[in-house]
Amino acid sequence: MEVKIGVQHAPREIVLESGLSAEELEAVVADALTGKTQLLSLTDIKGRKVLIPTDRLSYVDIGEPSVRKVGFGAA
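### Topic: the overall build of the protein
- If you tally the helices and strands in the protein, you get one helix and five strands.
- Written out in order from the N terminus, the α and β elements of the protein read β-β-α-β-β-β.
- Evaluated residue by residue, the protein yields a buried proportion of 23% over its 75 residues.
- Considering only contacts in the protein between residues 6 or more positions apart, those separated by 24 or more positions represent 50%.
- In the form shown here, the protein has an accessible surface area of approximately 5600 Å², with 54% of it arising from carbon and sulfur atoms.

In structure tokens:
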């Protein structure tokens, strides 16, 4: 699942591919925004961990699962 995260005072958004479902990602983000945790903590499919202070979050965009394309087919 592709996740895009906007961070206040940062020129670029953070983009990562997560192994979690949309519902699981939404629950993690909701916990961070309701104050249950001080950090939004996500791990991408390559094992890289991203920690973002919840008071710096601008937005979280949870996209559709990405499908890897193989071959020379047209887009």
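### What to know about the environment of Gly35
- Checked against the element boundaries, Gly35 lands in the loop between helix 1 (22–33) and strand 3 (39–43).
- A relative accessible area of 45% places Gly35 in the partly exposed class.

### Quick look at the nonpolar core
- With 13 residues, the main nonpolar core has Val3, Ile5, Leu16, Leu40, Leu42 and Ile52 as its most contacted residues.
- Elements represented by at least two residues in this core include exactly strand 1 (2–7), helix 1, strand 3 and strand 4 (49–53).
- What Leu42 contacts, discounting residues up to four positions off in sequence, is Val3, Ile5, Leu16, Leu25, Val28, Arg48, Lys49 and Val50.

### Points about unusual backbone geometry
- Phi angles above zero are rare outside glycine, and His9 is one such case at about 65°.
- Along the polypeptide, His9 turns up in the loop between strand 1 and strand 2 (14–17).

### Details of the sheet that holds strand 2
- What the three strands build is an open sheet, ordered 2-1-5; its pairing is antiparallel. A strand with exactly one partner marks an edge of an open sheet, and here the two such strands are strand 2 and strand 5 (57–62). The sheet shows a mean angle of 15° between the axes of neighbouring strands, taken without regard to direction.
- Contacting strand 1 and strand 5, helix 1 runs over the sheet at an angle of about 170° to strand 5.

### Concerning helix 1
- Between its terminal C-alpha atoms helix 1 stretches 16 Å, which fits the 16 Å expected from 12 residues at 1.5 Å a residue.
- Against the buried residues of helix 1 lie strand 1, strand 3 and strand 5.

### Examining the pairing of strand 2
- Relative to strand 2, strand 1 runs antiparallel, the two being bridged by four bridges. The residue of strand 2 that forms the bridge with Lys4 is Val15.

Definitions and limits used
Residues numbered from 1 in each chain as written. Predicted model: local features only at pLDDT ≥ 70, side-chain atom pairs only at ≥ 80, totals over all residues. Heavy atoms only, no water. Helix = DSSP H or I, 4+ residues; strand = E, 2+ residues; numbered from the N terminus. Buried < 20%, exposed > 50% of the residue type's maximum accessible area, 1.4 Å probe, protein only. Contact = heavy atoms within 4.5 Å. Areas by Shrake-Rupley, 256 points an atom, 1.4 Å probe, with all protein chains shown as cover. Core = buried A, V, L, I, M, F, W, Y, C linked by side-chain atoms within 4.5 Å. Pairing = 2+ DSSP bridges. Axes fitted to C-alpha atoms, helices over the stretch in contact; angles between N-to-C directions. Expected span 1.5 Å × (residues − 1).

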